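Given next are the chains, with one letter for each unit.
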Amino acid sequence: MPTALLPHTYLMIRKIESTFTLTTEEKRALQELPVQTQDVKSNHDIVKMGDQPSQCCLLLEGFSCVYKLTFEGKRQIMALHIPGDMPDLQSLHLQVVDINIASISPCKLGFIQHKDLHSLFERHPRLTAAFWHETLVDASIFREWLLNVGQREGYSRIAHIICELLLRLRAVGLVEDDSFSMPITQAELADATGMTPVHVNRVLQALRNDGLIITDKRKITIPNWEKLQEVGEFDPLYLHFEKE
């Protein structure tokens, strides 16, 4: 890969290849996409409901979330996104965005114009399938999150999200010795799981006391993966990885 393009495309290619095999030519075409970068602080709205964007956002560094608000201002986080993700890929075909996307931590973003993506798909039709596949996996994750919030107990909900993040981050090379950075506050975890911050705090303490996680500031280590999977009722099928 050309060195100058690595920061903008490497994680995106790794993410796509975790569920869809790309040819050398297709990877080269992705490397050549024009990408405009921008740094944003945490808790910054990247896309707002009602926007009509002409570009897609690629997360290069940091964590972001998809959320919606009730009329009273209560927030539900509906997805967490990590480096390599394109959280607003649906804007390629939906003129008006119906979600909010915000940074959770300081982020580096890459913006790719819709016209450049459409041109890419015309030249490389299989990439249309690759990006469509990405949206289908996002939908699969959303369905699992709905089950997680609606039917699992709080202890299992948090364990399940930690299991998911471990595998998704591992797929893009951001896990070392079963440890990864998780720059998510307890309030944000509460908004993602339908729990209160106090309940989240108690569950995290219980997971630590049971030896299932080790926390050091915003770093999490998983000392007993099999047990964490068991208590989180975690089956990675819904992530649709080609290789575990």
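For the structure, check the block above.
Residues numbered from 1 in each chain as written. Predicted model: local features only at pLDDT ≥ 70, side-chain atom pairs only at ≥ 80, totals over all residues. Heavy atoms only, no water.

Trainee: What exactly am I supposed to notice about the packing of aromatic side chains here?
Mentor: Both the distance between ring centres and the angle between the ring planes are used here to describe each pair of aromatic rings. Throughout the structure, instances matching the rule amount to 3 aromatic pairs. With 5.9 Å between their ring centres and 80° between their planes, Phe234 and Tyr238 make a pair best called edge-to-face. We note that Phe234, like Tyr238, is buried. Grouping aromatic residues by their ring pairs yields a cluster made of Trp225, Phe234 and Tyr238. One Lys or Arg, Arg75, reaches over the ring of Tyr67 and ends 5.7 Å from the middle of that ring. (Phe/Tyr/Trp six-rings, centres within 6.5 Å; stacked < 30°, edge-to-face > 60°. Buried < 20%, exposed > 50% of the residue type's maximum accessible area, 1.4 Å probe, protein only. Lys NZ or Arg CZ within 6 Å of the ring centre and 35° of its normal.)

Trainee: Is there a simple way to think about the sheet that holds strand 9 (residues 214-216) in this case?
Mentor: Backbone-to-backbone hydrogen bonds join strands into a sheet, with any given pair of strands oriented parallel or antiparallel. Read across the open sheet, the 3 strands follow the order 8-10-9; overall the sheet is antiparallel. On the outer flanks of this sheet lie strand 8 (179-181) and strand 9, each paired with one strand and no other. Direction aside, neighbouring strands of the sheet carry axes that sit 20° apart on average. Strand direction decides the pairing type here: strand 8 and strand 10 (residues 219-221), joined by 3 bridges, are antiparallel. Opposite Phe180, over in strand 10, you have Ile220 as the bridge partner. (Pairing = 2+ DSSP bridges. Helix = DSSP H or I, 4+ residues; strand = E, 2+ residues; numbered from the N terminus. Axes fitted to C-alpha atoms, helices over the stretch in contact; angles between N-to-C directions.)

Trainee: Would you explain the side chain of Thr19 in this entry?
Mentor: Mapped onto the fold, Thr19 is located in the loop between helix 1 (6-17) and helix 2 (24-31). The exposure class assigned to Thr19 is buried, which follows from its relative accessible area of 6%. Look past the residues within four positions of Thr19 in its chain and what remains in contact with it is His133, Glu134, Val137, Leu239, His240, Phe241 and Glu242. (Contact = heavy atoms within 4.5 Å.)

Trainee: Even after reading the chapter, I still don't get helix 3 (residues 114-123), so can you show me in this structure?
Mentor: Residues lying three or four places apart along an α-helix face the same way, a consequence of the helix completing one turn every 3.6 residues. Three or more residues of helix 3 are buried, namely His114, Asp116, Leu117, Leu120 and Phe121. Here the buried residues of helix 3 occupy an arc of 165° about the axis, which is enough to place them on one side. More than 90 degrees from the buried face of helix 3, the exposed residues found are Lys115 and Glu122. Those residues of helix 3 that are buried lie in contact with helix 2, strand 3 (55-61), strand 7 (107-113) and helix 4 (125-151). (Arc of directions from axis to C-beta.)

Trainee: How should I be thinking about helix 6 (residues 186-193) in this particular structure?
Mentor: Those residues of helix 6 not exposed but buried are Glu188, Leu189, Ala190, Ala192 and Thr193. The inward-facing, buried residues of helix 6 contact strand 5 (75-81), helix 4, helix 5 (154-171) and helix 7 (197-209). Looking at the residues trailing helix 6, positive phi occurs at Gly194, about 70°.

Trainee: Sorry, what's going on with the environment of Val97 here?
Mentor: With respect to the helices, strands and loops of the structure, Val97 is situated in the loop between strand 5 and strand 6 (100-103). Assessed through its relative accessible area of 7%, Val97 is described here as buried. Sequence-wise, Val97 and Thr128 are 31 residues apart; in three dimensions their C-alpha atoms are separated by 20 Å. Among all residues touching Val97, those that are not within four sequence positions of it are Val47, Lys48, Met49, Gly50, Asp51, Pro53 and Ser91.

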